[in-house]
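A closer look at the structure
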2 protein chains.
Amino acid sequence: MTQRRVTIKQVAAEAGVSITTVSHVLNDVPGKRVHPETRTRVREAAARLGYAPNVLAQSLRTQRSNTIGLVGDEIATTPFAGKIILGAQDVALSRDAVVFVVNTGYQRDLESRGIDELLRRQVDGILYATMYHRQVELPPQLAAVPTVLINASCTTSGVPWVVPDEVSGGEDAADVLLAAGHRRLAFINDVDEIPAAFGREEGFRRRLTAAGIRDDDVRVVTAETDPAGGYEAARELLTGDKPPTGIFCFSDRVAMGVYRAAAELGLRIPDDLSVVGFDNQEFIAEGLHPGLTTIELRHYDMGAWAAEQLFERIEAPAGTRAAAPTARLRGPVIHRASVAPPPAAHEPQRRRNLA
Amino acid sequence: MTQRRVTIKQVAAEAGVSITTVSHVLNDVPGKRVHPETRTRVREAAARLGYAPNVLAQSLRTQRSNTIGLVGDEIATTPFAGKIILGAQDVALSRDAVVFVVNTGYQRDLESRGIDELLRRQVDGILYATMYHRQVELPPQLAAVPTVLINASCTTSGVPWVVPDEVSGGEDAADVLLAAGHRRLAFINDVDEIPAAFGREEGFRRRLTAAGIRDDDVRVVTAETDPAGGYEAARELLTGDKPPTGIFCFSDRVAMGVYRAAAELGLRIPDDLSVVGFDNQEFIAEGLHPGLTTIELRHYDMGAWAAEQLFERIEAPAGTRAAAPTARLRGPVIHRASVAPPPAAHEPQRRRNLA
DNA sequence: CATCTCTGCCCAATCGTTTTGCTTTGAGGA
DNA sequence: TCCTCAAAGCAAAACGATTGGGCAGAGATG
């Protein structure tokens, strides 16, 4: 099996020229003159034999492997991650490059192993992704090779990164609820002190105060980022006095818990309670009933942006070190059916929708 | 940046020997005699310089790249897929190999592009995975290289494959419900005619008849494999006469719809209705309330099994073509809280639980 | 007719390894 | 003193490409 692949030498023989010439015509080397007739002869020979250059040999010679690595703590184990891979892969493939994927879990040694293995294979660059938006310290080995961060920022200068725009995510969530007419709101935030938590809360609060909502009409509580956490938090919010008419959830999974709490309390969504999620996690946001209005996390685009940047840096001649670009990607709000005007009754605030 | 990596030549210089000798000692080439003292001198030099062989050069020479490819239609875009990647990667890394991931979507040309790109990089073998268990025709290019199928079977002989054991999945689901005492059951199957649909139904039915359940006490309906489909199907099942007390769902997403239908009809799970899912799709099975009892799909293990097989075949000397092994992996049932004995009342059948 | 200038092509070095033979050295036997 | 042989190490040829520098031959030029 595995019959030997056809090499440049065979093409040369078939076309009756030297391998040099074959290389010249197949690569369209500028400044090299070869007779048009010979050109087509070579091309035809190559086509006839089904020749495709051996990338290993090519890479060895040119010191460019057309291969990038994607390493991350949970790059393969969460639903988001796949999208990152996909984004990166799509731009890679558009440049005839291929992507190594290394999932490190949270074992520092595995990460190190993986990166070494990639470097030994002369990857042109590495995408370093984290599952949750956070700040990281770069593994030292990465200094040797162009690197771009995904879903993470870092203090080392000169390293581009891309993260979700948490603040405007919070703003957008607020806007959706405000636009529907809600004036008493809550945010179920993550317990962990991470950029996503800070940012979303900041954006959310900012828009509410800008809209003139009084401080004691907005409650921010924290909970575990899962359905159980959301359930607990929502029960507490909804059974207290002056319950919110709209709840913004740190994640779709949290929203899942809110749905349950609402159902138990006899509150219909969206008639009695509006809910906005975060992530647009397929299977949840779409699967809930009614469909969950939520803010999308643009994992595909982060992967693609990062890959673009990476190739940019790989191709830039050594000296040209432009300042490292960074990006905060603003996710669109995905409108489904979980937001509606608040129930008309017993609202102390001015009421606007007098049909 | 990207300071040149240290090569074998530098190690040789540092140790004061030829590169031949360095190679001999570092690879422990059997039958080659080199003085113990020289050995340690070389080893120390290598360590001091932090030498790691260039895999590209190595591969070029040895025709073995220690690299495998994982290509699949949705290898990166579904929650399952990640587990497959992970399983494959883990066994690969344990052999100092690395995994290329190529997601092809359903575009035949992209698939072809991707595979070519992998072959040009001399991958030692390829794992070919499909998202849904089905039968496939192998891309012709794969004939050139060892291949193992994941989640798919194929008619080409000599190609190992691994798939979920659908039949025993159906059996296990039946057993769970039977053991709880249910005698009137339903299966919401997939509309598509795929192995998963056939197999699960076969297993499910087999156990029921073996348990003496009468044919008109088991209903099998089909629905789209999503919450909406499950909802519709469940409503119909539960509002008809002689409604089932236990429902086996083709997938956890379908079960999600069943939960909603039950809630609407005032049926509590598991008191009034028992539900069994399939997939153990994190975030759903666990996130539903009460937690969904379901059959796990062992994606990680499929990835790992396939990778093992692949390396086995790669390492087997050319002539040794053992018959291609195949495997059906039986998933464990994950017990949560959605199954309980049927309600005691108004059962026409013999009643057993007379507390 | 000698020289110059293109044109069209090829030689050989190189990338960093592995691997197949040598070659060198010194000890031991005749 | 010479020969043989094992031990220890090295030179050089791959692997399959790219690339800088030639080199032959045909026209053009003086």
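Data block above holds the structure.
Numbering of residues begins from 1 in every chain and follows the order in which that chain's sequence is written. Labels are handed out in written order, letters beginning with A for the chains and numbers beginning with 1 for the ligands. Only residues with pLDDT of 70 or above have their local features reported here, since the model is predicted, and side-chain atom pairs are shown and tallied only from 80 upward, although totals for entire chains, interfaces and linings are computed over all residues. Only hydrogens and water are set aside when side-chain values are computed; all heavy atoms of the structure are taken into account.

Observations regarding the side chain of A:Ser338
Residues and elements named next belong to chain A. Note that Ser-338 resides in the segment after β12 (333-334). Polar side-chain contacts of Ser-338 include one of 2.6 Å to the backbone oxygen of Val-275. The residues touching Ser-338, leaving out its near neighbours within four places in the chain, are Tyr-259, Ile-269, Pro-270, Leu-273, Ser-274, Val-275, Gly-291, Leu-292 and Thr-293. For helices the rule is a DSSP run of H or I covering at least 4 residues; for strands it is a run of E covering at least 2, with both sets numbered from the N terminus onward. Any pair of N or O atoms that falls within 3.5 Å is considered a polar contact. Within protein, one atom must be able to donate a hydrogen and the other to accept it, and sequence-neighbouring residues count only if both atoms are side-chain atoms. Contact between two residues is taken to exist if any of their heavy atoms lie within 4.5 Å; hydrogens are not considered.

Points about the environment of A:Leu119
Along the chain, A:Leu119 falls in helix α6 (residues 108-120). Buried residues are those whose accessible area, probed at 1.4 Å on protein chains only, stays under 20% of the maximum for their type, while exposed residues exceed 50% and partly exposed ones sit between those limits. A:Leu119 gets classed as buried once you look at its relative accessible area, which sits at 15%. With 105 residues separating them along the chain, A:Leu119 and A:Glu224 place their C-alpha atoms 38 Å apart. Setting aside anything within four residues of it in sequence, one finds A:Leu119 in contact with A:Ile126, A:Gln141, A:Val145 and B:Arg5.

Section: the protein's contact with DNA strand D
We call a residue near a molecule or strand as soon as one heavy atom of that residue lies within 4 Å of the molecule or strand. Inspection of the region around DNA strand D gives 28 residues, with A:Ile8, A:Ser23, A:Asn54, A:Arg61 and B:Thr38 positioned closest. Among the atoms of DNA strand D lying within 4 Å of the protein, the sugar-phosphate backbone contributes 55%. Take A:Ile8: an N or O atom from its main chain is 2.4 Å from a phosphate oxygen of DNA strand D. At 3.1 Å, a side-chain N or O of A:Tyr51 approaches a phosphate oxygen of DNA strand D.

Let's talk about the protein's contact with DNA strand C
The environment of DNA strand C is made up of 29 residues, and the closest members are A:Arg33, A:His35, A:Thr38, B:Ile8 and B:Arg61. The sugar-phosphate share of atoms of DNA strand C within 4 Å of the protein amounts to 56%. In the environment of DNA strand C, a base oxygen lies 3.4 Å from a nitrogen or oxygen atom belonging to the side chain of B:Thr20. B:Tyr51 is positioned with one of its side-chain polar atoms (N or O) 3.1 Å from a sugar or linking oxygen of DNA strand C.

Overview of the relation of the copies chain A and chain B
By a simple turn and slide, chain A fits onto chain B: the slide is 0.1 Å along the axis, the RMSD is 0.2 Å, and the turn is 180 degrees. Classification of the inter-copy transformation places it as that of a two-fold axis. Mapped onto chain B, 100% of the interface residues of chain A again fall at the interface, so both copies present the same surface. The copies were overlaid with a least-squares fit restricted to C-alpha atoms from residues scoring a pLDDT of at least 70 in each copy.

Side note on the sheet that holds strand β9 (residues 274-279) of chain B
All names here are of chain B. Taken in spatial order, the six strands of this open sheet run β7-β6-β8-β9-β10-β12, and their pairing is mixed. Only two strands of the sheet have a single neighbouring strand rather than two, namely β7 (218-223) and β12 (333-334). Here a strand pair is declared whenever DSSP counts at least two bridges between the two strands. Two strands pair when backbone bridges link them, and strand β10 (residues 293-296) and β12 are joined in this way by two bridges, in the antiparallel orientation. Paired with Thr-294 across the strands is Ile-334, a residue of β12. Packing of helix α8 (residues 195-210) onto the sheet brings it into contact with β6 (185-190), β7, β8 (246-249) and β9, and relative to β6 it is tilted by some 170 degrees. Lines fitted to C-alpha atoms define the axes, with helix axes restricted to the stretch in contact, and inter-axis angles between N-to-C directions lie between 0 and 180 degrees.

Observations regarding the pairing of strand β2 (residues 98-103) of chain B
Consecutive side chains along a regular strand alternate between the two faces of the sheet. Residues and elements named next belong to chain B. In terms of burial, β2 is a largely internal element, six of the six residues being buried. Along β2, one buried face is formed by Val-98, Phe-100 and Val-102 and the opposite face, lined by Val-99, Val-101 and Asn-103, is buried too. As judged from the six bridges shared by strand β1 (residues 67-72) and β2, these two strands associate in the parallel manner. Opposite Ile-68, over in β2, you have Val-99 as the bridge partner. A clockwise path from the first strand over the helix to the second, with the strands pointing away from the viewer, defines a right-handed crossover. Handedness of the crossover joining β1 and β2 through helix α5 (residues 79-93): right-handed.

These values are about where atoms sit, not about what they do.
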